[in-house]
Amino acid sequence: MDDRTRLASEPARAPLPQAATIRHDWTREDIRALFDLPFPELIFLAQRVHRERFDPREVQISTLLSVKTGGCSEDCGYCPQSAHHHEAGVKAGKLMEVDAVLAEAKAAKDAGASRFCMGAAWRSPKDRDLDDICAMVEGVRELGLETCMTLGMLTKDQAHRLKDSGLDYYNHNLDTSPEFYGNIITTRTYQDRLDTLSHVREAGINVCCGGIVGMGETREDRVGMVHSLATLPEHPESVPINLLVQVEGTPLAKVVPVDGLEFVRTIAVARITMPASMVRLSAGREEMSDEMQALCFVAGANSIFYGTKLLTTPNPEPDRDMLLLHKLGMTPMK
Ligand code: SAM
Ligand code: DTB
Ligand code: SF4
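Residues numbered from 1 in each chain as written. Chains lettered and ligands numbered in written order. Predicted model: local features only at pLDDT ≥ 70, side-chain atom pairs only at ≥ 80, totals over all residues. Heavy atoms only, no water.

**Student:** Please set out helix H10 (residues 260-273) residue by residue, giving values where relevant.
**Tutor:** In this model H10 runs 20 Å from its N-terminal to its C-terminal C-alpha over 14 residues, within 8% of the 20 Å that 1.5 Å per residue would give. When you tally the buried positions in H10, you get twelve out of 14 residues, the bulk of the element. Those residues of H10 lying buried are Glu 262, Phe 263, Val 264, Arg 265, Thr 266, Ile 267, Ala 268, Val 269, Ala 270, Arg 271, Ile 272 and Thr 273. Measuring from the side-chain oxygen of the N-cap residue of H10 to the backbone nitrogen of Leu 261 gives 3.2 Å; that N-cap residue is Asp 259. (Helix = DSSP H or I, 4+ residues; strand = E, 2+ residues; numbered from the N terminus. Expected span 1.5 Å × (residues − 1). Buried < 20%, exposed > 50% of the residue type's maximum accessible area, 1.4 Å probe, protein only. Polar contact = N/O pair within 3.5 Å; in protein donor to acceptor, adjacent residues only side chain to side chain.)

**Student:** An account of the pattern of salt bridges is needed here, citing residue identities and associated values.
**Tutor:** Inspection of every chain in the model, using the stated rule, returns 24 salt bridges. One salt bridge in this structure joins Glu 74 and Arg 123, with 2.9 Å as the shortest N-O distance. Of this pair, Glu 74 sits in the loop between strand E1 (58-68) and helix H4 (98-110) while Arg 123 sits in the loop between strand E2 (115-120) and helix H5 (130-142); the two residues are 49 residues apart in sequence, bridging distant segments of the chain. Where Lys 106 meets Asp 110, a salt bridge forms, and the shortest distance between an N and an O atom there is 3.0 Å. Here Asp 110 and Lys 106 lie together in helix H4, a separation of four residues that amounts to about one turn. With a relative accessible area of 41%, Lys 106 lands in the partly exposed category. Salt bridges here are not isolated pairs; linked through shared partners, they connect Arg 28, Glu 29, Arg 32, Glu 179 and Glu 220. (Salt bridge = Lys/Arg side-chain N within 4 Å of Asp/Glu carboxyl O.)

**Student:** So what about the site of ligand 2? Which residues, and what values?
**Tutor:** Taken together, Leu 64, Pro 80, Thr 150, Asn 171, Asn 173, Pro 240, Asn 242, Phe 305, Leu 310, Leu 311, Thr 312 and Thr 313 make up the full set of residues adjacent to ligand 2. Contact between ligand 2 and Asn 242: an oxygen atom at 2.9 Å from a side-chain N or O atom of the residue. The side chain of Thr 313 places a nitrogen or oxygen atom 2.8 Å from an oxygen atom of ligand 2. Taking 410 Å² as the accessible area of ligand 2 by itself, protein coverage stands at 88%. Class assignment of the residues belonging to the shell around ligand 2 gives a composition of six nonpolar, six polar and no charged. (Near = heavy atom within 4 Å. Areas by Shrake-Rupley, 256 points an atom, 1.4 Å probe, with all protein chains shown as cover. Nonpolar A, V, L, I, M, F, W, Y, C, P; charged D, E, K, R; others polar.)

**Student:** Report on empty space enclosed by the protein, specifying residues and quantitative values.
**Tutor:** This model, assessed by the stated rule, comprises one cavity of 30 Å³ or more. Estimates place the volume of the largest cavity at around 840 Å³. Considering the residues around the largest cavity, the lining is formed by 39 residues, among which Tyr 78, Cys 79, Gln 81, Asn 173 and Leu 311 are closest to the centre. Here the residues of the lining of the largest cavity sort into 22 nonpolar, twelve polar and five charged. (1 Å grid on protein atoms, 1.4 Å probe; cavity = no way out; pocket = protein on both sides within 12 Å on 5 of 7 lines; lining within 4 Å. Points joined across faces, edges and corners; volume = space filled by probe spheres on them.)

The values reported here are purely geometric and, on their own, carry no functional implication.
Written as structure tokens, this is what we have:
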């Protein structure tokens, strides 16, 4: 049978039953099969799952601020803030003053953000820094914004202190598959990350956990990354899917970029396997066309970072984002 006959007589169909059941028993085979679906079938399935729980016109909007930049002791190959990658040219700074952070949060709220995410280039926070960090959480909440922090590894006690200050979300990514992980980071293990995630979960903080696509990993690594996320004891409430920002001076600056449609597939498979989670189209939008971003939304992404900067790298201008949402007939989630 030639391909045309096969396509005409027995097209691969998306599996139909129980589209949006929450499952934690996904196998790698299940996830591989989703990645392998013909693109229209994959997008149809992702849309169907998406619409069972979300309004497809709505996008949640978060703004990011780096409250402590550069000089990080970890060696994450993608990251311009690692002290191991001086050539990336990010200067090490101190933890920002609480008032300066609150002024930025106020501006983000006025610009339409509903969540304010604060990031620090730390392996893990020092206990003495947590007083200021907790004051930031309290102040940002008082402005009426949801709060998110990403500070590296946490102990159980630190997670509880953050919860007591009112922290809504903690971001800590698995980044990639367990087997590719060691090619990217050597200074902490996959298990370290899983331990932090369980401390955050156990403290009652919402989990934001995802990864990066385009680091030179294989399809099977993307399968493994989604598998790790979708088989966590509870799905992360928020799943950021980052497209690698290739920063000059980092070891991954010259990696061959991933195919755009493969990135869209990863979003769709995350949506299907974690039906109740917000899937965030995270880093990498600056380099994406409007059409590419539209495909990501159609594949089930329903959250973005909004504002001219991520942590150290550029993000689209707010005007461009508002125009894009307007052209798509989409609106920020209240
Ligand atoms: N230092 C903390 C940590 O690593 O847990 C928090 C900040 S760290 C910058 C947060 C996440 O940003 C990383 O886990 C990674 O997934 C993402 N990230 C960092 N650099 C990136 C890049 N160049 N492109 C895409 N994502 C990136
Ligand atoms: C996440 O997954 N992506 C954001 C957020 N969590 C903290 C960070 C992206 C950083 C991109 C590189 C930079 O701007 O330094
Ligand atoms: Fe440090 Fe986080 Fe960057 Fe890794 S990703 S080098 S831990 S700031």
